[in-house]
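Here is how the chains run, residue by residue.
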Amino acid sequence: MSRNSCVRNLVVELLLSELLTDCIYCNTTMPRNKLDSHSKECKGRPMSCVYAKVGCAWSGPAHASHQHAEECDYQHRLAKDIIAHINKADKEQEEQAEKVRSVTSFMSSAKLFFTDIVLNPHRTGDYIPTLYYESSKFNLFGHYWLGRGKVTGDEHNYERTLSLKLVLKGKSNMDIEFCFIRDPYCCVEVVPEVHRHSFTPEDVESEYKDIRLFQPLDLNTLLAEKSIKLRLYMAQM
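Let me sum up the structure you'll find in this document. Per chain, residues are indexed from 1 in the order of the written sequence. pLDDT decides what is reported in this predicted model: residues at 70 or higher carry local features, side-chain atom pairs at 80 or more are listed and counted, and totals for whole chains, interfaces and linings draw on all residues regardless. Side-chain figures throughout are based on the complete set of non-hydrogen atoms in the structure, without hydrogens or water.

### Digging into the nonpolar core
Line of reasoning, step 1. Remark: nonpolar core denotes a set of buried residues (Ala, Val, Leu, Ile, Met, Phe, Trp, Tyr, Cys) joined through side-chain atoms within 4.5 Å. Throughout, exposure labels follow a simple rule: accessible area from a 1.4 Å probe, protein chains only, divided by the maximum for the residue type, with under 20% read as buried, over 50% as exposed, and the rest as partly exposed. Counting residues in each nonpolar core, the largest one holds 27 residues, and the members touching the most others are Trp145, Leu166, Leu230 and Met234.
Line of reasoning, step 2. Comment: elements are numbered from the N terminus, with helices defined as DSSP H or I runs of at least four residues and strands as E runs of at least two. Put simply, the parts of the chain that give this core at least two residues each are strand 5 (112-123), strand 7 (138-140), strand 9 (161-169), strand 10 (174-182), helix 5 (218-224) and strand 13 (228-236).
Line of reasoning, step 3. Only heavy atoms enter the contact rule, under which two residues are in contact if any of them lie within 4.5 Å. Sequence-distant contacts of Leu166, defined by excluding residues within four places in its chain, comprise Phe138, Trp145, Leu146, Ile176, Phe178, Phe199, Val204, Glu205, Ser206, Leu232 and Met234.

### A closer look at helix 3 (residues 62-71)
Line of reasoning, step 1. Along helix 3, the residues that are buried comprise Ala62, Ser65, His68 and Ala69. Considered in projection along helix 3, the buried side chains sweep an arc of 100 degrees and stay on one side of the axis. Facing away from the buried surface of helix 3 by more than 90 degrees, the exposed residues are His63, His66, Glu70 and Glu71.
Line of reasoning, step 2. If you follow the buried residues of helix 3, they end up packed against strand 3 (46-48) and strand 4 (59-61). By definition, the arc is the one covered by directions from the helix axis to the C-beta atoms.

### Comments concerning the layout of surface pockets
Line of reasoning, step 1. Cavities and pockets were defined on a 1 Å grid built over protein atoms only: a cavity is a set of grid points that admits a 1.4 Å probe from which the probe cannot escape, a pocket is an open set flanked by protein on both sides within 12 Å along at least five of seven lines, and lining residues are those with an atom within 4 Å of any such point. Grid points are joined across faces, edges and corners, and a volume is the space filled by probe spheres set on the points. The space that makes up the second largest pocket amounts to roughly 210 Å³.
Line of reasoning, step 2. Of the residues that constitute the lining of the second largest pocket, the class distribution is two nonpolar, two polar and four charged. Put simply, Ala, Val, Leu, Ile, Met, Phe, Trp, Tyr, Cys and Pro go in the nonpolar bin, Asp, Glu, Lys and Arg in the charged bin, and everything else, Gly too, in the polar bin.

Any functional reading would require information beyond the geometric quantities listed.
Structure, rendered in structure tokens:
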């Protein structure tokens, strides 16, 4: 069945939205359709310090943020004490602007192709199984490829990350640029970043690349899905 011929079952969707679930931050039980609005106001949701932009690295639950802000040393610091952090922020902003220019140039490539991939969860056969994700094989540039992913941290970890790599199923010499973004059916917005790898018969896997989201807390939403749906752009250099 194609996506164009699918028909939504609104009754089932309504029933599913009423199923009870727990907030991962405060363990409060509520209907699923209330979870998104609750997460934005939850007293246990992770937050950064209000002085983060001038250097404070504190992060913690929302209910502790007000007390921390009142006691934070950064509210009393002078300009000379925070200039290094401001310079660092300026540098990071310039690096981000360079990434935008890189994506723009990449999307203008003459040999640019895309495919929608579905990464399904699997467990290793180790004594302590490890979760990983892997897509089905797909064909681009006359070769078969697949995507593979891993997760660092759990749903209670503020630094939880999803990383993906590109795997060439074969042996060839190819310089490839690639970029993951959300596919039309993905539930979150992915920050586009261009990566490059020189594939050789001895090196058929790129390094793992962290997938950044516009809203970092959306990672738990993405990983709660049965599979991860992304659009992969690839260009041969």
